[in-house]
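The primary structure of each chain is shown beneath.
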Amino acid sequence: MTDSTDARTATTDAWQPSTIELERRSFRRRQTGRSVLVSIASTLAIAALLVWALVGSPGWTRVVETFFDPQVAIASLPRVLEGFWLNIQVLFFASIGVVLVALLLATLRTLRGPVFFPLRALAAGYTDIFRGMPVLIVLYLVGFGLPGLDFFPRMPVAFWGTIALILTYSAYVSEVFRAGIEAVHPSQRLAARSLGLSHGQTMRRVVLPQALRKVTPALMNDFVAMQKDVGLISVLGAVDAVRAAQIETAHFFNFTPYVVAGLLFVLLAWPMIRFTDWVSARMRAREQVGSIV
Amino acid sequence: MSGATGPVLRLRGVRRAFGDHLVLDGIDLDVAAHEVVALVGSSGSGKSTLLRTVNLIERIDDGEILLQGRDISDPRIDADAVRARIGVVFQHYNLFPHLSVLDNVTLASRLVHRVGRAEAERRGLELLASIGLADFARAFPDRLSGGQQQRAAIVRAIATDPELLLLDEVTSALDPELVGEVLALVRSLADRGTTIVMATHEMAFARDVADRVVFLDAGRIIEDAPARQFFEAPREERTREFLTRFRA
Ligand SMILES: Nc1ncnc2c1ncn2[C@@H]1O[C@H](COP(=O)(O)OP(=O)(O)OP(=O)(O)O)[C@@H](O)[C@H]1O
Ligand SMILES: [Mg+2]
């Protein structure tokens, strides 16, 4: 009953591509070369058109002065950066909170049996409410409402901002998790239970790991969305990048600090966006390989 | 566990209906230790349902299922603990795709039977080596052929030394040339004295390996006989019809 592994590697060593294959390859190379040239030419043409339209517009010099002043940019950068550090901290804690709460919600919604009805209903109500409500309103309600109860110890506004973001985004992310859990074939659950694993063990060791893999691109997308929305905590008065930019703008009578803050957010999100694209593309490629065999 | 001499598995009047479709209609069946019982019958006769009820994946509407003399159909029993004592292999191999072959094989030992990782892996590697899959221990299941996956699934089911092994058409999802290797593994388990109940469409194999053959039709046991007698001199007219259809 032993398998010989030699048989399948034997033929690959001495192989030389045939003349037909060589001809096909040189054709593909020529084809690629031509499309690269075409794309360079069209990119240049469109860029030239854009520059001409922008620079040629009557208000161009005024816009450059009020939005792209290098001196103001440099002068405001330290303050804006300092505020941006707060954004990053909020993002860090909010991300952890979102994953934990969303996992809890998603698991609650998959519980079966009448005992769990209240928990299921609660989780369903929660996701319905916080997916429907605008983030800004959640921020106001949490940021000004909850401290007003005088029930919690005094906390910085950034804390309440973080809570608000967790409330909103965990509702979205729990739906993503739930979709992933439901996408795991029931036979996997069956196989795990047949081995004697409990419901919880099956969930943790078999269902969730597979579910997470399936929804990774969607999760990263939500993460990128939240990266931008951490800027909204400025409405509570937290001195984050947006708020700092606002202060600097008033100080210099110039809008450049906003552009600086905006660029910082883009820089933060950019690696994640590229990474998300890369992961999705890789998964797509893998699925295609799977569908051929 | 009182029944050292009694049957490993005993079914008494087991009944299961889906709506008004009666799928198991009063099944009585005894399986002794080290016995290999083949369940045969046409599609829809209730073989899979029967195996699922024994594994407590399907609830029964009436009757009793006794494992080593204890009623496991009692709702007060710890179903997870019972399932941990029974090995099951399905038609579709159902290996966990996110775990390596070795982790698949050792998962239940580690989580359910609380065997240490080193000990579980030693035993797992030993089992994989015995079926010629040692080289694939760290690979993921999708790298394996269908026959290799099914053999790994069988090894996963026996890694915890279950008291009873249930096999549900373990070869019917396989290409014909892969069937042999899986059947050879089942045969070697039978030779080693594993108690097996298997639903199968492989009549030649049932005749060869099973001690007893049980013919199920529309949820009833029509004939329950030693394998030789079942195939050579079936008592029931319906069994004969079934067998001629298979030979055709
Ligand atoms: N969950 C279910 N709900 C409704 N009907 C079911 C369910 N499970 C099984 N059945 C019905 O029970 C009958 C027996 O099914 P079962 O899978 O036990 O047959 P089988 O003998 O294993 O057939 P096969 O040889 O095709 O595997 C079938 O008619 C099937 O439609
Ligand atoms: Mg079946």
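Look a little higher up for the structure.
All chains use their own residue numbering, which begins from 1 and follows the written sequence. Both sets of labels track the order of writing: A upward for chains, 1 upward for ligands. Side-chain atom pairs in this predicted model are given and counted only at pLDDT of 80 or more, local residue features only at pLDDT of at least 70, and totals for whole chains, interfaces and linings cover all residues. Hydrogens are left out, water is left out, and the side-chain values use all remaining heavy atoms of the structure.

Section: the packing of helix 7 (residues 186-194) of chain A against helix 8 (residues 199-229) of chain A
Residues and elements named next belong to chain A.
(1) Moving on: Note on geometry: axes are lines fitted to C-alpha atoms, helical ones only across the stretch in contact, with angles between N-to-C directions running from 0 to 180 degrees. In this description a helix means any DSSP run of H or I spanning at least four residues, a strand means any run of E spanning at least two, and both kinds are numbered starting from the N terminus. Where helix 7 contacts helix 8, the axes come no closer than 10 Å and their chain directions differ by 140°. Seen along the crossing, helix 7 lies across helix 8 with a hand that is right-handed. Two secondary-structure elements touch here, helix 7 through Gln 188, Arg 189, Ala 192 and Arg 193 and helix 8 through His 199, Thr 202, Val 206, Val 207 and Gln 210.
(2) Moving on: Each residue gets one of three labels, nonpolar for Ala, Val, Leu, Ile, Met, Phe, Trp, Tyr, Cys and Pro, charged for Asp, Glu, Lys and Arg, and polar for the others, Gly among them. Split into classes, the residues belonging to the contact of helix 7 with helix 8 amount to three nonpolar, four polar and two charged. In this scheme, a crossing is called left-handed if the near helix is turned counterclockwise away from the far one by less than a right angle; it is called right-handed if the turn is clockwise. Only heavy atoms matter for contacts: two residues are in contact if any of them lie within 4.5 Å across the pair.

Brief notes about the site of ligand 1
All names here are of chain B.
(1) Moving on: Neighbouring ligand 1 are 14 residues, the closest being Ser 43, Gly 44, Lys 47, Ser 48 and Thr 49.
(2) Moving on: At a separation of 2.8 Å, an oxygen atom of ligand 1 approaches a polar backbone atom of Gly 44.
(3) Moving on: A distance of 3.0 Å is found between an oxygen atom of ligand 1 and a backbone nitrogen or oxygen belonging to Gly 46.
(4) Moving on: The method behind every accessible area is Shrake-Rupley, applied with a 1.4 Å probe, and residues are considered shielded solely by the protein chains displayed. Out of a free accessible area of 640 Å², ligand 1 has 64% covered by protein chains.
(5) Moving on: Within the residue set of the shell around ligand 1, elements represented by two or more residues are strand 2 (21-31) and helix 1 (47-54).
(6) Moving on: No other element matches the four residues that helix 1 contributes to the shell around ligand 1. When at least one non-hydrogen atom of a residue lies within 4 Å of a molecule or strand, that residue is treated as near it. A 3.5 Å cut-off defines polar contacts: any pair of N or O atoms within that distance qualifies, except that in protein one atom must be a possible hydrogen donor and the other a possible acceptor, and neighbouring residues in sequence count only when both atoms are side-chain atoms.

Some remarks on the side chain of Asn94(B)
(1) Moving on: Tracing the chain through its elements places Asn94(B) in the loop between strand 6 (86-89) and helix 3 (101-111).
(2) Moving on: Residue classification places Asn94(B) among the buried residues on the basis of a relative accessible area of 14%.
(3) Moving on: Only 3.2 Å separates the side chain of Asn94(B) from the side chain of Ser187(A), close enough to count as a polar contact.
(4) Moving on: Setting aside residues no more than four positions away along its own chain, Asn94(B) makes contact with Ser187(A), Gln188(A), Ala191(A) and Arg156(B). Here the term buried applies to any residue with accessible area under 20% of the maximum for its type, exposed to any over 50%, and partly exposed to those in between, with areas from a 1.4 Å probe on protein chains only.

Remarks on the sheet that holds strand 1 (residues 9-18) of chain B
Residues and elements named next belong to chain B.
(1) Moving on: For two strands to be treated as a pair, DSSP must find no fewer than two bridges joining them. On the basis of which strands lie adjacent, the open sheet formed by four strands has the order 2-1-4-5 and antiparallel pairing. Pairing within the sheet leaves two strands with one partner each, and these edge strands are strand 2 and strand 5 (70-71).
(2) Moving on: Of the pairings in the sheet, the one linking strand 1 to strand 2 comprises eight bridges and is antiparallel in character. If you follow Leu 11 over to strand 2, its bridge partner there is Leu 29.

With respect to the interface of chain A and chain B
(1) Moving on: Counting from both sides, the interface comprises 23 residues of chain A and, opposite them, 30 residues of chain B.
(2) Moving on: In short, buried area is how much 1.4 Å probe accessible area vanishes from two parts on joining, totalled over both. Approximately 2200 Å² of surface area, both sides summed, lies buried where chain A meets chain B, with 60% of it carried by carbon and sulfur atoms.
(3) Moving on: Salt bridge, as used here, is a side-chain nitrogen of Lys or Arg placed within 4 Å of a carboxyl oxygen of Asp or Glu. Joining chain A to chain B, the criterion identifies one salt bridge.
(4) Moving on: The partner of Arg193(A) in a salt bridge is Asp80(B), with the nearest N and O atoms 3.0 Å apart.
(5) Moving on: Elements with a minimum of two residues in the side of chain A that touches chain B: helix 7 and helix 8 of chain A.
(6) Moving on: Here the residues of the side of chain A that touches chain B sort into eight nonpolar, ten polar and five charged.

Brief notes about helix 1 of chain B
Residues and elements named next belong to chain B.
(1) Moving on: Counting buried positions along helix 1 gives six out of eight residues, so the element sits mostly inside the fold.
(2) Moving on: Within the span of helix 1, buried status applies to Lys 47, Thr 49, Leu 50, Leu 51, Thr 53 and Val 54.
(3) Moving on: The first or second residue beyond helix 1 is Leu 56, which carries a positive phi of 60°.

Notes on the sheet that holds strand 8 (residues 196-199) of chain B
Residues and elements named next belong to chain B.
(1) Moving on: In spatial order, the strands read 6-7-8-3-9-10; together these six strands make up an open sheet with mixed pairing. Pairing within the sheet leaves two strands with one partner each, and these edge strands are strand 6 and strand 10 (220-226). In this sheet, neighbouring strand axes are inclined to one another by 15° on average, regardless of whether the strands run parallel or antiparallel.
(2) Moving on: As judged from the six bridges shared by strand 9 (residues 212-217) and strand 10, these two strands associate in the antiparallel manner. Its bridge partner lying in strand 10, Val 214 is registered against Asp 224.
(3) Moving on: In the packing of helix 1 onto the sheet, the strands contacted are strand 3 (36-40), strand 6, strand 7 (164-168), strand 8 and strand 9, and the crossing angle to strand 7 comes to about 150°.

Some words on the nonpolar core
(1) Moving on: Within the largest apolar cluster, 52 residues are counted, with the highest numbers of intra-cluster contacts made by Leu128(B), Leu167(B), Val186(B), Ile196(B), Met198(B), Val213(B) and Phe230(B).
(2) Moving on: Looking at this core, the element that brings in the most residues is helix 6 (residues 176-191) of chain B, giving eight residues.
(3) Moving on: Within the second largest apolar cluster, 48 residues are counted, among which are Val80(A), Tyr126(A), Ala171(A) and Leu236(A). Throughout this description, the term nonpolar core refers to a set of buried Ala, Val, Leu, Ile, Met, Phe, Trp, Tyr and Cys residues connected via side-chain atoms within 4.5 Å.

Overview of the pairing of strand 3 of chain B
Residue and element names in this part refer to chain B.
(1) Moving on: Of all five residues that make up strand 3, five are buried, and the element is covered over most of its length.
(2) Moving on: Neither face of strand 3 is open: one carries Val 36, Ala 38 and Val 40, the other Val 37 and Leu 39, and all of them are buried.
(3) Moving on: Relative to strand 8, strand 3 runs parallel, the two sharing four bridges. Counted as the bridge partner of Leu 39 is Ala 199 from strand 8.
(4) Moving on: Where strand 3 lies against strand 9, four bridges are found, and the strand directions are parallel. Paired with Leu 39 across the strands is Val 214, a residue of strand 9.

What to know about the pattern of salt bridges
(1) Moving on: Summed over the entire model, instances satisfying the criterion amount to 34 salt bridges over all chains.
(2) Moving on: With a closest N to O distance of 3.0 Å, Arg220(B) and Asp25(B) form a salt bridge. With a gap of 195 residues between them, Arg220(B) in strand 10 and Asp25(B) in strand 2 connect regions that are remote in the sequence.
(3) Moving on: Looking at Arg220(B), the relative accessible area reads 45%, which means it is partly exposed.
(4) Moving on: Residue Asp25(B) is classed as partly exposed on the basis of its relative accessible area, which comes to 21%.
(5) Moving on: The partner of Asp103(B) in a salt bridge is Arg110(B), with the nearest N and O atoms 3.7 Å apart. Residue Asp103(B) shares its accessibility class with Arg110(B), and that shared class is buried.
(6) Moving on: One salt-bridge network, held together by shared partners, links Arg109(A), Arg131(A), Glu175(A), Arg178(A) and Glu182(A).

Here we look at the packing of aromatic side chains
(1) Moving on: Put simply, two rings from Phe, Tyr or Trp (the six-membered ring, in Trp's case) pair if the centres are within 6.5 Å, and we call them stacked under 30 degrees between planes, edge-to-face over 60, tilted for the rest. In this structure the tally under the stated criterion is eleven aromatic pairs over all chains.
(2) Moving on: Arranged with centres 5.2 Å apart and planes meeting at 80°, the rings of Phe92(A) and Phe93(A) form a pair that is edge-to-face.
(3) Moving on: With centroids separated by 6.4 Å and ring planes inclined at 20°, the aromatic side chains of Phe255(A) and Tyr258(A) adopt a geometry described as stacked.
(4) Moving on: The exposure class assigned to Phe255(A) is partly exposed, which follows from its relative accessible area of 40%.
(5) Moving on: According to the relative accessible area criterion, Tyr258(A) is partly exposed, its value standing at 35%.
(6) Moving on: One aromatic cluster in this structure is built from Phe67(A), Phe255(A) and Tyr258(A).
(7) Moving on: Here the basic side chain of Arg156(B) rests over the ring of Phe96(B), its NZ or CZ set 4.6 Å away from the ring centre. Geometrically, a lysine NZ or arginine CZ counts as sitting over a ring once it is within 6 Å of the ring centre and also within 35 degrees of the ring normal.

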